[in-house]
Amino acid sequence: MACKALIVAEQESGAVREITYELLGMAHKVAEQAGWKAASDVKAVLPGEGVEKMAAEIAGRGAAEVICAEGAALKDYTGDGHARALEEIIRAESPSLVLFGHTPNGWDVAPVVAAGLDVPLATECSGISFDGGRALFTRKVFNGKFVQVVDLGGAPPLMATVMRGAAQPAATGGKGAVRKVQPKVDAQALRARFIEIKKGEAGGVDLSQAEIIVSGGRGVGGAEKFSVIRDLAEALGGQVGASRPVTDMGWLPHEHQIGSSGVTVNPKLYVACGISGAIQHIVGMRGAGYIIAINKDADAPIFGVADVGVVGDLFEIVPALTKAIQEARGQG
Amino acid sequence: MVYDRRPIAEIIRRESMKSLVLAKQVPNTDSPFRINADGTWVDEGNLTYGLNDYDRYGLEAVLKLKDAGKVSEVVALTVGPDRASAVLRTCLATGADRAIHIKDDALAGADPLSVAKVIAAAIKDESFSLIVAGLQADDDNYAQTGPLLARLLDRPCATAVMGLELLDGAVRVERELENNRLQVVELQLPAVLTVQTGINEPRYASLKGIMAAKKKEVRAVALSDLGLDAAQVGGAASRMKTVRLEVPPKGEGADIVKGGPEEIAAELVKRIREKTGVI
Ligand SMILES: Cc1cc2nc3c(=O)[nH]c(=O)nc-3n(C[C@H](O)[C@H](O)[C@H](O)COP(=O)(O)OP(=O)(O)OC[C@H]3O[C@@H](n4cnc5c(N)ncnc54)[C@H](O)[C@@H]3O)c2cc1C
Ligand SMILES: Nc1ncnc2c1ncn2[C@@H]1O[C@H](COP(=O)(O)O)[C@@H](O)[C@H]1O
C-alpha cells in the first residue's frame, strides 16, 4: 500500500481547488527526478464528507489512487479534524514525500501533522530538486529578498507546503482509482468547531477594473505622506493602491490593498512606490501591462517584475514625475 | 466591604486565564542585507533588529483581552541570543507582565520544530489558556512555529487570525482565507492562535511603561534548566538545514532609468506614452 508521493488535495463546498492539480504536477516532476513511477507512485488524499465525485475528478488528473478520507468530523475544514485524519493516513501509507498547498488551510494543517509525525517541514516551496539522491527544497526568506535551499535530513516522510504557481497543473486523462477510508476521528472529540465562511468587508472603491494605479508601500512612511502618491495618481487620472502594511496600519482603507489577500488588478499602468515586492503583493499586480517601480533599494524584488525601475527616493522622484505628467498633459 | 458576586468557578477561571505571547527578534526589513561568508544565512554584522511585525499584533491582541479583564496575565517569551532581550523589554514596556528568555549557544541554527520543542518544555508547568504567536517571522518566513507548538502541547490551533473573541471556555476566531473571505471557527481553550497583521492597531510603549518595565521579571532559561539536551534540540542536531542562500534570479528585470529627478521624470513620461498610451 505504500506510495512514494502523497499530495493533500483541497476542496471547498463541492469543488476541487486548483492547488490540488498543481501539487499533482509538482509530484510528477519530483517522481521524474527521483526515478519513481508516477503512474503508480503518486497518490492523493482528500479529506471531507461525501467527496467521492471530487475524488474521481482528481483521479483523472494524475493520481494513481485518491484516498477519500471520509467522516462527519471532516466535512468542513478544521485544523484539528483534518490534522488527525491526515496523520493517520500518512502513517498507514508511509510515503517518502508529502506535499500540501501553501494555502490558508495548507499552512494551518501541515505543521500540526509534521509535529505529530515528528518530522521537519519545508514551507512555501517554489521547487524541489535532487542532488545525488538528496532532496533539496527551494523557498524564499526575508520576504523574497533571498532564496533558501533546505535539506530536511532525508528520513521519510519529507514534508513540504508548495506555493501557488510553483508547478504546472497535472494534465487530464489519467485513470486513477478511488478508495474510501474512514479515519478514526470522532466529531465529538474535536476541539475545533467550524461555524461559517463569510465575506470580508467590502469597501467603496473597486481597483480590479482600474486602468491606471499608483501604489504606495511601507516606504511612504505615513498616512499624511500619502499625498505624493495621490497627486501622481490624480495627474495620471488613476487610482491609489497600496501594499498590505499600508492598509494594516490604517494609512488607507483595506479596499486599496493589492495582493493575495487583497484585490488582483490588471491595469495598463502600475506604478509601485516604496514597495519591496513580496510575492503576496506581486501575485496581485503582475498582470499589469506596464510596471514602473520606484524604490531606494536596488536589490528590492519589485525590480524583478517591473518593466522599468528607478533606484532612488520616492519623495524626489514621484513629485518630479507628477509635475512632468501635468506638463505633458497641459495641466501644469 | 464589597462582595464579589460572580460565581466562584468564573472567578477561578478568570484569575487563571494566563496568556503567552511569542515574540521573535528579527532584522528590520530596511537593514542592509548581505549573504554571509559560508553562504547559509545573512551576514548579521550590519543588521538592526526589532520585534517581528506579526508579533506586535499578537501582543496587542492579548493586551486588549487583558484591558477587557478577560485575561489575568500576559507573559512574553523569546528564544534567541542575548540581543533578543530587547524584544522582551519592548513587550514589557508595552504592557506584558513578565518575560521568559530562552537562550543557549547550542540553539543557534535550531530548526522550527526544535524551537517549538524548547518552548513547549519551558512552559509545561505553566497553564496558559491562550498562546498567541505571529503567522510568520519576517526573517525565515517559516509560518509554522505556532501550529507546531500547538501539536506538541496537544491543543487546537488556528492560523492567520484576523479577529478573536473570548467565549466561555472557548475562543471564536476569524481566519483569513483567500479572496477576501474569512473562516469563523471556535476553538476550545486552551488553544494556540497565530495572528495576521492588521488584526488590530498595536499600541506603542509609553514613557511610564518603559519605566515600569525595568521592575518586571525576565527569567533567563538555558537548555539544561529545561532538562533538554543539545543533542536533541540544538542547532547541530536539527534535521532541517539551510544548504545555501541565494540572490533570487532576476529574470529579465527592470530597465533602470538613471539621472536627476527631472531627467528621470521626462524619460518615464516618454515611456508611459510609448508603452501604455495613457497619456
Ligand atoms: C498570508 C499573507 C498574505 C499577504 N497578503 C498581502 C497582500 O495581499 N498584499 C501585500 O502587499 N502584502 C501582503 N502580505 C505581506 C507581504 O508579505 C509583505 O510583508 C508586504 O507586501 C510588504 O509591503 P511593502 O513592500 O510595502 O513593505 P516593505 O517590505 O517593508 O518594503 C518597503 C520598501 O520601501 C522602500 N523604501 C523605503 N523608503 C523609501 C523611499 N523614501 N523611497 C523609495 N523607496 C523606499 C524600501 O527599500 C522597501 O523595499 C501578505 C503576507 C502574508 C503572510
Ligand atoms: N525564536 C523565537 N522566539 C519567539 N517566538 C518565535 C521564535 N520563532 C518563532 N516564533 C513565533 O512564531 C511565529 C512564526 O515564526 P516562524 O514559524 O519562524 O515563521 C513568530 O511570529 C513568533 O511569534
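Details of the structure are given in the entry above.
In this report, the structure presented in the accompanying data block is examined. What you see is a predicted model; the values in this text were computed from it and never measured.

With that out of the way, let us pick up the packing of helix α10 (residues 314-328) of chain A against helix α8 (residues 261-276) of chain B. Packing of α10 of chain A against α8 of chain B leaves a shortest axis separation of 8 Å and a crossing angle of 55°. In this view, α10 of chain A runs oblique relative to α8 of chain B, as classed from their interaxial angle. Note that α10 of chain A runs across α8 of chain B; the crossing there is right-handed. Seen from α10 of chain A, the contacting residues are Glu 316, Ile 317, Ala 320, Leu 321, Ala 324, Ile 325 and Ala 328 of chain A; seen from α8 of chain B, they are Pro 261, Glu 262, Ile 264, Ala 265, Leu 268, Val 269, Ile 272 and Arg 273 of chain B.

Spatially, the ten strands line up as an open sheet ordered β12(A)-β9(B)-β8(B)-β7(B)-β10(B)-β6(B)-β1(B)-β4(B)-β5(B)-β11(B), and their pairing is mixed. The two strands at the open ends of the sheet, each matched to only one other strand, are β12 (192-199) of chain A together with β11 (218-221) of chain B. For this sheet, the mean angle separating the axes of adjacent strands, direction not counted, is 30°. Against the sheet, helix α2 (residues 53-67) of chain B contacts β1 (18-22), β4 (73-79), β6 (128-134), β7 (157-167) and β10 (191-195) of chain B, and its axis sits at roughly 150° relative to β6 of chain B.

Moving on, we come to the site of ligand 2. Residues and elements named next belong to chain B. Around ligand 2 sit 17 residues, and of these Asp 55, Val 79, Ala 137, Ala 143 and Thr 145 come closest. Between an oxygen atom of ligand 2 and a side-chain N or O atom of Asp 55, the distance comes to 2.6 Å. The separation between an oxygen atom of ligand 2 and a polar side-chain atom of Asp 140 is 2.8 Å. Protein burial of ligand 2: of its 480 Å² of free accessible surface, 97% is covered by the chains. When residues of the shell around ligand 2 are assigned to their parent elements, the largest contribution, three residues, is made by β4. In terms of residue class, the shell around ligand 2 is built from eight nonpolar, six polar and three charged.

What follows is about the nonpolar core. Considering soluble globular proteins, one finds that nonpolar side chains tend to be buried as a cluster. Membership of the largest hydrophobic core comes to 43 residues, with the highest contact counts inside it found for Ile 58, Leu 99 and Phe 137 of chain A. A per-element tally of this core places helix α1 (residues 19-34) of chain A first, with eight residues. Contact partners of Phe 137 of chain A, with chain neighbours within four places excluded, come to Leu 97, Ala 122, Cys 125, Gly 127, Ile 128, Gln 148, Val 149, Val 150, Leu 152, Leu 158 and Ala 160 of chain A. Within the second largest apolar cluster, 38 residues are counted, among which are Ile 212 and Val 308 of chain A together with Val 269 and Ile 279 of chain B.

Residues Leu 207, Ile 210 and Met 211 of chain B make up a contiguous nonpolar surface patch of roughly 320 Å² in combined accessible area. Relative to the assigned elements, Ile 210 of chain B resides in helix α6 (residues 207-213).

A few words now on the site of ligand 1. Around ligand 1 sit 31 residues in total, of which Arg 218, Ser 243, Ser 261, Ser 276 and Asn 295 of chain A are the nearest. Lying at an intersection of chains, ligand 1 is approached by residues of chains A and B. A distance of 2.6 Å separates an oxygen atom of ligand 1 from a polar side-chain atom of Ser 276 of chain A. Isolated, ligand 1 exposes 980 Å² of accessible area, and the fraction of that covered by the protein chains is 91%. Broken down by secondary-structure element, the contributors of at least two residues to the shell around ligand 1 are α7 (244-248), α8 (279-285) and α10 of chain A.

Parameters at a glance
Residues numbered from 1 in each chain as written. Chains lettered and ligands numbered in written order. Predicted model: local features only at pLDDT ≥ 70, side-chain atom pairs only at ≥ 80, totals over all residues. Heavy atoms only, no water. Axes fitted to C-alpha atoms, helices over the stretch in contact; angles between N-to-C directions. Helix = DSSP H or I, 4+ residues; strand = E, 2+ residues; numbered from the N terminus. Parallel < 35°, antiparallel > 145°, perpendicular 65-115°, else oblique. Left-handed = near helix turned anticlockwise from the far one by under 90°. Contact = heavy atoms within 4.5 Å. Pairing = 2+ DSSP bridges. Near = heavy atom within 4 Å. Polar contact = N/O pair within 3.5 Å; in protein donor to acceptor, adjacent residues only side chain to side chain. Areas by Shrake-Rupley, 256 points an atom, 1.4 Å probe, with all protein chains shown as cover. Nonpolar A, V, L, I, M, F, W, Y, C, P; charged D, E, K, R; others polar. Core = buried A, V, L, I, M, F, W, Y, C linked by side-chain atoms within 4.5 Å. Buried < 20%, exposed > 50% of the residue type's maximum accessible area, 1.4 Å probe, protein only. Patch = residues over 30% accessible without salt bridge, like charges linked within 9 Å, V, L, I, M, F, W, Y side chains within 5 Å. Salt bridge = Lys/Arg side-chain N within 4 Å of Asp/Glu carboxyl O.

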